[in-house]
Amino acid sequence: MVNIPDAWYNILADLDFALPPDVQPDLPAGDRAGGIDPQVPLSLVRQEMSREPWVPIPAEVRERYAQWRDTPLRRATNLERALGTRSRIYFKYEGGNLTGSHKLNTAVAQAYYYRKAGATRLAVATGAGQWGTAVAAACQMFGLECHVYMVRSSMTGKPYRRTMMELLGAQVTASPSDRTGVGRRFLAAGDHGGTLSVALAEAVEETRTPGTRFCAGSGETYSLLHQTVIGLEARAQLAERDVWPDVVVAGLGAGSNFGGLAFPFLGSALRGERAVRCLSVEPAACPKLTRGRYAYDYTDSSERTALQKMYTLGHRFTPPAMHAGGLRYHATAKVVSALYDRGLIEAAAYQQREIFSSATLFTRCEGIVPAPESAHAVHGAVVEAARADERGEPATILFALSGHGIFDMGAYRSYLDGEIADDIVPDAAIAASLAHLPTQPVSSDV
Ligand SMILES: *Cc1c(COP(=O)(O)O)cnc(C)c1O
């Protein structure tokens, strides 16, 4: 296991500012959910708070990582040729494990810590299905039961994701469901398609069952920490070739994919060792960094979670239908948000058609079908290469190929049939959603 890092990298150690603290909502303690609360094992809470630069990876987790790590780092030479660019494009491929995406890196760690803390069953929410699949796989590894609330519209669109989760021993329920109060409320209001935010609220509600804990997705600070195995490996793999990237590009859902690849590089930059630009790419249909507001908001639609300061489109924001289900979350991890607010990272938003066009070119050139989420990074890299050429300064670009798109043939079918729409979210829709932000804590509270 010489090539697998033995510790995760904690970027908080290299920041000269503290993150704005979470704030408990104005509710009786028994009604609160999420955030840092007794739900989350103390080991993970400590990781969330830690300022130590290195957090050792437990031996059992590292052994599991060895099933698919280290992951390949490749140069996309055929893509470079097809683009006619003088820039060099590298990608780090996280689709080679059984769940098909990077999410397994933190799911394994989380399942390990939950089991150690005495949990017997994990409840999770999943949009496109990747997080549910990852937690199902991780629960299987550590002998935990797993119950997945899957956004109903995704379940209809991606039936094989459900099959995969059930194959891994998980129970899968379409959300909104009639199993929870939140679910019944949305069903009664005529909303049957669901959103990630509703599914999250359902999974949190289920933790009233003894032994069941809620396993958060990819926006928690500890999820970003666990994902740094990606960037640490990539940095070592590039160093073997004597390469350092000018720009690191990754698709942005909640933030762990971006943080996982970018933070080890950004850390070097923050310590003054080597400069790097870090670019997050989000869908124009869910533009939280580029058009959201940096404010305190709930992390789901139950309006009961702790308030986190983050770039958000509002917890009631429902993005227009789009094919990158894993990028539909209304907000952005608080670490990524704070870095963006300080101008330490960059963000871009692109439309679906241009993204699928770059993904198709990548498939033909490099022999891997990118997940639609990862296709955002592919397109980001393609645009960066073109800009570098225009400036007459070819760049070295590294991007996150966070997963494969073999389960996303429905989306690619729509693209080939010319049925993919470019959606512009009207300013008024964002303003209307932001009008429902909770009352902002006054600074003496925080
Ligand atoms: C979930 C997902 C993303 C987004 O990841 P976050 O960690 O939530 O930002 C990107 N790519 C793939 C393939 C995904 O499944």
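Residues numbered from 1 in each chain as written. Predicted model: local features only at pLDDT ≥ 70, side-chain atom pairs only at ≥ 80, totals over all residues. Heavy atoms only, no water.

As recorded in an unreviewed UniProt entry, the chain goes by tryptophan synthase and comes from Micromonospora echinofusca. In UniProt, the chain has this text filed under Catalytic activity (unreviewed entry): "(1S,2R)-1-C-(indol-3-yl)glycerol 3-phosphate + L-serine = D-glyceraldehyde 3-phosphate + L-tryptophan + H2O". In UniProt, the chain has this text filed under Cofactor (unreviewed entry): "pyridoxal 5'-phosphate". (UniProt positions renumbered as here; feature names shortened; annotations may be inferred.)

Enquirer: An account of the sheet that holds strand S4 (residues 88-93) is requested, with residue identities and associated values reported.
Expert: Pairing is mixed across the open sheet formed by six strands, whose spatial order is S3-S4-S14-S9-S10-S13. At either end of the open sheet lies a strand with only one pairing partner, and these are strand S3 (73-75) and strand S13 (346-350). Looking at each pair of strands side by side, their axes are set apart by 25° on average, direction ignored. Here S3 runs beside S4; their pairing, made up of three bridges, is antiparallel. Residue Leu-73 lies in a different strand from S4, and its bridge partner there is Lys-92. Contacts between helix H10 (residues 221-240) and the sheet are confined to S3, S4 and strand S14 (396-401), with S4 contributing the most and set at about 135° to the helix. (Pairing = 2+ DSSP bridges. Helix = DSSP H or I, 4+ residues; strand = E, 2+ residues; numbered from the N terminus. Axes fitted to C-alpha atoms, helices over the stretch in contact; angles between N-to-C directions. Contact = heavy atoms within 4.5 Å.)

Enquirer: Just give me the short version of the UniProt feature "domain: Tryptophan synthase beta chain-like PALP" (unreviewed entry) in the chain, but keep the residues and values in it.
Expert: Listed under "domain: Tryptophan synthase beta chain-like PALP" (unreviewed entry) in the UniProt record, and renumbered for this structure, are residues 69-403. Taken end to end, residues 69-403 has its terminal C-alpha atoms 14 Å apart, with 44% of it in helix and 19% in strand.

Enquirer: Give me the domain arrangement of the chain: which residues, what numbers.
Expert: Taken domain by domain, the chain comprises domain 1 (61-100 + 222-439) and domain 2 (104-217). Each of domain 1 and domain 2 has a C-alpha centre, and the two are 23 Å apart. Taken together, the contacts link 29 residues of domain 1 with 31 residues of domain 2. Between domain 1 and domain 2 lies a buried interface of about 2,500 Å² when both sides are counted; carbon and sulfur atoms form 59% of it. Interface area lost by domain 1 to domain 2 is led by Arg-64, Thr-99 and Phe-407, which between them contribute 24%. (Domains from an automatic or database assignment. Buried area = accessible area lost by both parts, 1.4 Å probe.)

Enquirer: With reference to specific residues and values, describe the sheet that holds strand S8 (residues 212-214).
Expert: Reading across the sheet, the four strands line up as S7-S6-S5-S8 and stay open at both edges, with parallel pairing between neighbours. Unpaired on one side and paired on the other, strand S7 (171-175) and S8 mark the two borders of the sheet. Strand after strand, the sheet turns through a mean of 25° between neighbouring axes, direction not considered. Bridging between strand S6 (residues 145-151) and S7 involves five bridges; their strand directions are parallel. The residue bridging His-147 from the neighbouring strand is Gln-171, located in S7. Most of the contacts of helix H9 (residues 196-205) go to strand S5 (residues 121-126), to which it runs at about 165°, and overall it touches S5, S6, S7 and S8.

Enquirer: Which residues make up the packing of helix H11 (residues 256-270) against helix H13 (residues 334-341), and what values do they have?
Expert: A packed helix pair is summarised by two numbers, namely the angle formed by the two axes and the spacing between the axes. Their axes nearest at 11 Å, the elements H11 and H13 cross at an angle of 50°. Taken together, the axis directions place H11 and H13 in an arrangement best described as oblique. When the axes of H11 and H13 are compared, the crossing they make is left-handed. Taking contact as the criterion, the partners of Phe-258, Phe-263 and Leu-266 in H11 are, on H13, Val-335, Val-336 and Leu-339. (Parallel < 35°, antiparallel > 145°, perpendicular 65-115°, else oblique. Left-handed = near helix turned anticlockwise from the far one by under 90°.)

Enquirer: How would you summarise helix H16 (residues 409-416) if you had to cite specific residues and measurements?
Expert: Along H16, the residues classified as buried are Ala-411, Tyr-412 and Ser-414. In a view along the axis of H16, the buried residues occupy a sector of 155°, so they form one face of it. Residues of H16 that are buried make contact with helix H14 (352-366) and helix H15 (372-391). Directly beyond the C-terminal end of H16, a positive phi value near 70° is found at Gly-418. (Buried < 20%, exposed > 50% of the residue type's maximum accessible area, 1.4 Å probe, protein only. Arc of directions from axis to C-beta.)

Enquirer: Explain the packing of aromatic side chains to me, and be specific about the residues and the numbers.
Expert: A full pass over the atoms with the stated rule returns 12 aromatic pairs. Between Phe-91 and Phe-362, the ring centres sit 5.2 Å apart and the planes meet at 80°, which makes this aromatic pair edge-to-face. Taken together, the residues Phe-91 in strand S4 and Phe-362 in helix H14 connect sequence positions 271 residues apart. Just as Phe-91 is buried, Phe-362 falls in that class too. Ring centres of Phe-356 and Tyr-415 lie 5.7 Å apart, and the angle between their planes is 20°; on these two criteria the pair is classed as stacked. Within this pair, whereas Phe-356 is found in helix H14, its partner Tyr-415 is found in helix H16, the two being separated by 59 residues in sequence. What makes Tyr-415 partly exposed here is its relative accessible area of 22%. Joined through ring pairs, the aromatic side chains of Phe-91, Phe-362 and Phe-399 make up one cluster. Over the face of the ring belonging to Phe-142 we find Arg-64, whose NZ or CZ atom lies 5.6 Å from the ring centre. Over the ring of Phe-17 we find Arg-342, and its NZ or CZ is 3.6 Å from the ring centre. (Phe/Tyr/Trp six-rings, centres within 6.5 Å; stacked < 30°, edge-to-face > 60°. Lys NZ or Arg CZ within 6 Å of the ring centre and 35° of its normal.)

Enquirer: Provide a residue-level description of the site of the ligand, including the pertinent values.
Expert: Around the ligand sit 18 residues in total, of which Lys-103, Ser-218, Gly-255, Ser-256 and Ser-402 are the nearest. In the model, an oxygen atom of the ligand is placed 3.3 Å from a nitrogen or oxygen of the His-102 side chain. The contact in question runs from an oxygen atom of the ligand to an N or O atom on the side chain of Gln-130, over 3.3 Å. Protein contact buries 98% of the 380 Å² of open area that the ligand shows by itself. (Near = heavy atom within 4 Å. Polar contact = N/O pair within 3.5 Å; in protein donor to acceptor, adjacent residues only side chain to side chain. Areas by Shrake-Rupley, 256 points an atom, 1.4 Å probe, with all protein chains shown as cover.)

Enquirer: Give me the lowdown on helix H7 (residues 159-167), citing residues and values where you can.
Expert: All buried positions along H7 are accounted for by Arg-161, Met-164 and Met-165. The buried residues of H7 occupy an angular sector of 95° when projected down its axis, which confines them to one face. Away from its buried face, by an angle of more than 90 degrees, H7 presents the exposed residues Tyr-160 and Leu-167. In the core, the buried residues of H7 are packed alongside S5, helix H5 (130-142), S6 and S7.

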